[in-house]
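# Structural overview for review
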Amino acid sequence: MAATASSVAAANGVAKSDAPIREDYVRIDDLTKEYDGFRAVDDVSLSIRKGEIFALLGASGCGKSTLLRCLAGFEKPTYGKIELDGVSIVEQAAYDRPINMMFQSYALFPHMTVEQNIGFGLKMAGLARDRVAARVEEMLTLVQMNRFAKRKPHQLSGGQQQRVALARSLALSPKLLLLDEPMGALDKKLRSQMQLELVGIIERLGVTCVMVTHDQEEAMTMATRIAIMDAGKIRQVGTPDEIYEQPASRFVAQFIGSVNLLEGTIEDDEKDHVTIRSDVLEQPIHVGHGVTGFEGQAVAYALRPEKIKIEKDEPAQPHNKVRGLIEDIAYFGTHSVYHVRLQTGKKLLVHFMNAKRWASERFTWNDTVWLSWGDNAGVVLTS
Amino acid sequence: MNATKPSWFSHSALALGFAFLYLPMLILIIYSFNESRLVTVWSGFSLKWYGELFRDQQMIDAAKVSLQIAFMTACASVVLGTMAAMVMTRFRQFPGKAMFSALMTAPLVMPEVITGLSILLLFVAMGQTFGLFQERGVTTIWIAHVTFCVAFVTVVISSRMSELDRSLEEAAMDLGANRVKVFFLITLPIIAPALASGWLLAFTLSLDDLVISSFVSGPSSTTLPMKVFSSVRMGVSPKINALATLMIAIVSIAAFLGWWLMAREEKQRQRDMQLALQQGG
């Protein structure tokens, strides 16, 4: 399954061009940032490919913003190396780095017009007046803001401000673009529209991009690859589908989406299948592939709610089925979430797509239902 | 808590409060138009004391000295205050930073008599050892005024700077501006209103200072408050009422103008934001 996931990602991700892709366009080695003995970023190593959109995803306080600020040059790492396109940049000041950032608050200069904001970096670079004007015009066209060139930032709506901020950070053609919570200041409806627009512009220019977000939907929509951060450390790096379908640990499985974690031990470890004995199920879990573990090892079986089938009648399959009682129902329109209590007392979450109108009326509170899943529906987690 | 209707008590408390604050000024203004030489007896409307005031060359000279000192003090205080505010809000933690901030703002609570006396002693000591400031006058008053005005200006500017979004300066640096350019192209224009109010504050503080000026002035440098104070000691002349009325008028007009300009800008801003919201996307 993991193999399928990564090949899908490669197909619709960065592997479009024929040129060889630099695996370590941005290279972070053993980066640590300490504040008064507190490690905000703890020994992080990462490689980011040229042209990809890389998301740092984590809860607030996980160190993702500090890592971004180290890249931008606003924080000096306690130790560690950062290389961009083969050049070490740790010793460079923020204003010397070929890196530009779009701030969460956009940080548009309030006393300058849209034009002056976009042209600021070009002017600092010492470009002649007519070349600045031409580049500003080009950027305005890119973000479709030509009509607003003479306005001040406070005369723009949130979405327009974001476009100006993007244009300003792209005007200098940076080698690396940083996005700090790019949708943080927008309301929900505008968000999904701007996410796709932003990705469209970034991909058209082919600029390499590192973004920070706490919103997993945003990371999954926009990013080619995601790094999950927690307590200053990287927990897992992968494409959105890898992270979702093949989480490396209990933490990642629970952090992304919702999951049923069934704790148990490996009972029977064969080459082509494994059975896991869990206290919460009467029947052992049958896994249709081998795992790297040993008999008697404590593991967790991570089962996503949408991978479980809910039925009135007992399914025909011999393994991986259990009976329970519907205790709670949450109706979301597109799907319903059933909280099913098993006889052992364990509660499982089950998603049911409402593919037909009024489909949700099939099950109601206190119904006895059968839950079942396939041999490959879940992931065996050892950490 | 429910909002209650204002009672007779709150109405009369308000009236008394305003009367306490503004009745003396009102009386002063009324008597500036008095015909009589006696300050407390009304004998008819006249503008003659305004005429007398402008014929009093000593008074005019004192006003000129005061305005000159106030202008120089305001300028110097804003420059020094901005530098101090930069250190307080933008410098990394350094040993003695808290001490620096406390010492910068201490003159706010220092009794003026002590400030004035200590500065005078400093000038005398410097005169004896280096031969500086042996002639006290406009320069010494200017230096003394700057030392206490800087504290006020620093407070005004540093409070504005600490609420300024740091990411604006970071964005400028990110776009290739070094620290000096960031300060002059981004920070300074944005905090300009605070600089202006700090300048005005220092100007007024310097203009009406009596105690410190009295300590450090010399024979050729009588400021307006000193002149007023000494002439009142000889007996209050309605001329002083006229002078005070003029000063109240100038201050009121300046304050009103400032309020009106700010209100107009705010209104325009609100309208712009409404417009931007309606256009959306």
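Residues numbered from 1 in each chain as written. Chains lettered and ligands numbered in written order. Predicted model: local features only at pLDDT ≥ 70, side-chain atom pairs only at ≥ 80, totals over all residues. Heavy atoms only, no water.

### Observations concerning the layout of surface pockets
All names here are of chain B. Heads up, the condition is: Put simply, the grid is 1 Å and covers the protein atoms alone, a cavity is a trapped set of points that fit a 1.4 Å probe, a pocket is an open set with protein on both sides within 12 Å along at least five of seven lines, and lining residues have an atom within 4 Å of a point. Grid points are joined across faces, edges and corners, and a volume is the space filled by probe spheres set on the points. Going along the chain from the N terminus, every DSSP run of H or I of four or more residues is numbered as a helix, and every run of E of two or more is numbered as a strand. The classification used treats Ala, Val, Leu, Ile, Met, Phe, Trp, Tyr, Cys and Pro as nonpolar, Asp, Glu, Lys and Arg as charged, and all other residues, Gly among them, as polar.
Volume-wise, the second largest pocket comes out at about 990 Å³. Along the wall of the second largest pocket there are 32 residues; nearest its centre are Arg90, Arg92, Arg166, Met173 and Arg179. Contributing elements (two or more residues each) for the lining of the second largest pocket: α3 (57-90), α7 (166-174) and α8 (179-207). Within the lining of the second largest pocket, the residues separate by chemical class into 14 nonpolar, five polar and 13 charged.

### Overview of the confidence of the model for chain A
Basically, it comes down to this: Confidence of the predictor in every single residue is expressed as pLDDT, which spans 0 to 100. Pairs of residues are marked as contacts when any of their non-hydrogen atoms sit within 4.5 Å.
Across chain A, the average pLDDT comes to 89, with 94% of residues at 70 or higher. Note on residues 1-17 of chain A: pLDDT under 50 across the span, and 19 contacts to partners over four residues away in sequence or across chains.

### A few points about the interface of chain B and chain A
Many authors give the size of an interface as the accessible area that is lost as the parts come together. Selection criterion: Any Lys or Arg side-chain nitrogen located within 4 Å of an Asp or Glu carboxyl oxygen qualifies as a salt bridge. Counted as a polar contact is a pair of N or O atoms within 3.5 Å, where, for protein atoms, one must be capable of donating a hydrogen and the other of accepting one, and residues adjacent in sequence contribute only when both atoms are in side chains.
Listed by partner, the interface residues are 25 residues for chain B and 31 residues for chain A. Connecting chain B to chain A are one salt bridge. The partner of Glu170(B) in a salt bridge is Arg69(A), and the shortest N-O contact between them spans 2.6 Å. Applying the counting criterion to the chain B and chain A interface returns eight residue pairs in polar contact (both at pLDDT 80 or more). For the side of chain B that touches chain A, the elements supplying multiple residues, two or more each, are α7, α8 and α11 (238-279) of chain B. If you tally residues by element for the side of chain B that touches chain A, the top one is α7(B), at seven residues.

### Regarding the pattern of salt bridges
Put simply, the test is: Throughout this description, buried means an accessible area under 20% of the type-specific maximum (1.4 Å probe, protein chains only), exposed means over 50%, and partly exposed covers the range between.
Counted by the stated rule, this structure contains 31 salt bridges over all chains. For Glu115(A), the salt bridge is made with Lys150(A), and the minimal N-O distance between the two is 3.0 Å. On the criterion of sequence distance, the pair formed by Glu115(A) in helix α3 (residues 114-124) and Lys150(A) in the loop between α4 (129-142) and α5 (158-170) is long-range, its members being 35 residues apart. On the basis of relative accessibility, which here comes to 27%, the residue Glu115(A) falls in the partly exposed class. Look at Lys150(A) and you get exposed, because its relative accessible area is 65%. Between Arg166(B) and Glu169(B) there is a salt bridge, with its nearest N and O atoms 3.7 Å apart. Taken as a pair, Arg166(B) and Glu169(B) lie in helix α7 at a separation of three residues, close to a single helical turn. The buried category is assigned to Glu169(B), whose relative accessible area is 7%. Connected via shared salt-bridge partners are Lys33(A), Arg69(A), Glu75(A) and Glu170(B).

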